[in-house]
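Secondary and tertiary structure notes
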Amino acid sequence: ETGVTQTPRHLVMGMTNKKSLKCEQHLGHNAMYWYKQSAKKPLELMFVYSLEERVENNSVPSRFSPECPNSSHLFLHLHTLQPEDSALYLCASSQVQGEETQYFGPGTRLLVL
Amino acid sequence: GNSVTQMEGPVTLSEEAFLTINCTYTATGYPSLFWYVQYPGEGLQLLLKATKADDKGSNKGFEATYRKETTSFHLEKGSVQVSDSAVYFCALLGSARQLTFGSGTQLTVLP
């Protein structure tokens, strides 16, 4: 695998479910990001992990919980979501203090019923 | 704070037409500038970038020049193809090392 991969690509969940999104980067980067892309809204940065430590939260509701066990993997744990949380969730990675260009995964399309 | 303003879409062109998508920015310091492209059902792909004033980024026939005097990074292509139909995002990487995106411009190229 190359680049940034995300699983699952599509997810449908009820408001009482618990699910997790997974992101893996194969680029040797040391920073990872979660973004939310909703229809007709700019991309919203949700979380930033640099050197495996969270450095940015951007006031995201606590029903979204990130986890970064190592520099290659990033998770977004979801629980008791709302229908307005339906969106495309994008993961990205970059090399901090290096080139710093962010490379994105294909996204997970989430539908909350 | 930082901001990026893109021309409103959607933009519809015929194949082989000339494309310009305007992008202007507001930032302190010396940001890096990017164009990303999003094809239907996919994530964002880096199209091109420029890291300092007067740099020209280019890829797949697309070009953009970092103009500090006009705080602009307009995307151009001389002859678009149907396969260029996508949403194009202008973005800047500021001193806080976080990306700020424009709202995106939908491009449709008709055969």
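First things first, this report covers the structure right here in the doc. (Residues numbered from 1 in each chain as written. Chains lettered and ligands numbered in written order. Predicted model: local features only at pLDDT ≥ 70, side-chain atom pairs only at ≥ 80, totals over all residues. Heavy atoms only, no water.)

**Notes on the interface of chain A and chain B**
Contact with chain A, which involves 17 residues of that partner, is made by 15 residues of chain B. Taking both partners together, chain A and chain B bury about 1300 Å²; carbon and sulfur atoms supply 53% of that area. It is L43, E100 and F104 of chain A that lose the most area in chain A upon contact with chain B, and together they represent 33% of the buried surface on that side. Where chain A touches chain B, the interface holds zero salt bridges. At the boundary of chain A and chain B, one finds five residue pairs in polar contact (both at pLDDT 80 or more). When residues of the side of chain A that touches chain B are traced back to their parent elements, those giving at least two are β4 (31-37), β5 (44-50), β9 (87-94) and β10 (103-104) of chain A. Residue composition of the side of chain A that touches chain B, by class: nine nonpolar, four polar and four charged. (Contact = heavy atoms within 4.5 Å. Buried area = accessible area lost by both parts, 1.4 Å probe. Salt bridge = Lys/Arg side-chain N within 4 Å of Asp/Glu carboxyl O. Polar contact = N/O pair within 3.5 Å; in protein donor to acceptor, adjacent residues only side chain to side chain. Helix = DSSP H or I, 4+ residues; strand = E, 2+ residues; numbered from the N terminus. Nonpolar A, V, L, I, M, F, W, Y, C, P; charged D, E, K, R; others polar.)

**Observations regarding the packing of aromatic side chains**
In total, this model carries 11 aromatic pairs over all chains according to the counting rule given. Between Y25 of chain B and Y66 of chain B, the ring centres sit 6.1 Å apart and the planes meet at 80°, which makes this aromatic pair edge-to-face. With a gap of 41 residues between them, Y25 of chain B in strand β4 (residues 23-26) and Y66 of chain B in the loop between β8 (62-65) and β9 (75-77) connect regions that are remote in the sequence. One exposure class covers both Y25 of chain B and Y66 of chain B, and it is buried. Put simply, the rings of Y33, Y35 and F104 of chain A together with F34, Y36, F89 and F101 of chain B touch in pairs and so form one group of aromatic residues. (Phe/Tyr/Trp six-rings, centres within 6.5 Å; stacked < 30°, edge-to-face > 60°. Buried < 20%, exposed > 50% of the residue type's maximum accessible area, 1.4 Å probe, protein only.)

**Some words on the pattern of salt bridges**
Applying the stated rule across the entire model yields five salt bridges over all chains. The salt bridge involving E44 of chain A is made with K41 of chain A; its shortest N-O contact spans 3.5 Å. K77 of chain B is paired through a salt bridge with D84 of chain B; the nearest N and O atoms lie 2.8 Å apart. Each of the two residues, K77 of chain B as well as D84 of chain B, counts as buried.

**What about the pairing of strand β10 (residues 86-93) of chain B?**
The side chains of a regular strand alternate, residue by residue, between the two faces of the sheet. Residue and element names in this part refer to chain B. When you tally the buried positions in β10, you get eight out of eight residues, the bulk of the element. Residue alternation in β10 divides its side chains into two sets, A86, Y88, C90 and L92 and V87, F89, A91 and L93, and both sets are buried. Across seven bridges, the pairing between strand β5 (residues 32-38) and β10 is antiparallel. Bridging from a neighbouring strand, W35 pairs with C90 of β10. As paired strands, β10 and strand β12 (residues 105-110) are joined by three bridges and run antiparallel to one another. Note that in β12 the partner of Y88 across the bridge is T105. Connecting the antiparallel pair β10 and strand β11 (residues 99-101) is a turn made up of five residues, with R97 showing a positive phi of about 65°. (Pairing = 2+ DSSP bridges.)

**Here's the deal with the state of the cysteines**
As used in these notes, a disulfide is a covalent bond between sulfur atoms, one from each of two cysteines. All names here are of chain B. If you walk through the whole model with that rule in mind, you get two disulfides over all chains. Note that C23 is cross-linked by a disulfide to C90, the S-S spacing being 1.9 Å. Taking the sign of the S-S torsion, -70° for the link of C23 and C90, the bridge is left-handed. Note that C23 is positioned in strand β4 and C90 in strand β10, a separation of 67 residues in sequence. (Disulfide = S-S within 2.5 Å.)

By themselves, these observations are geometric and do not establish any function.
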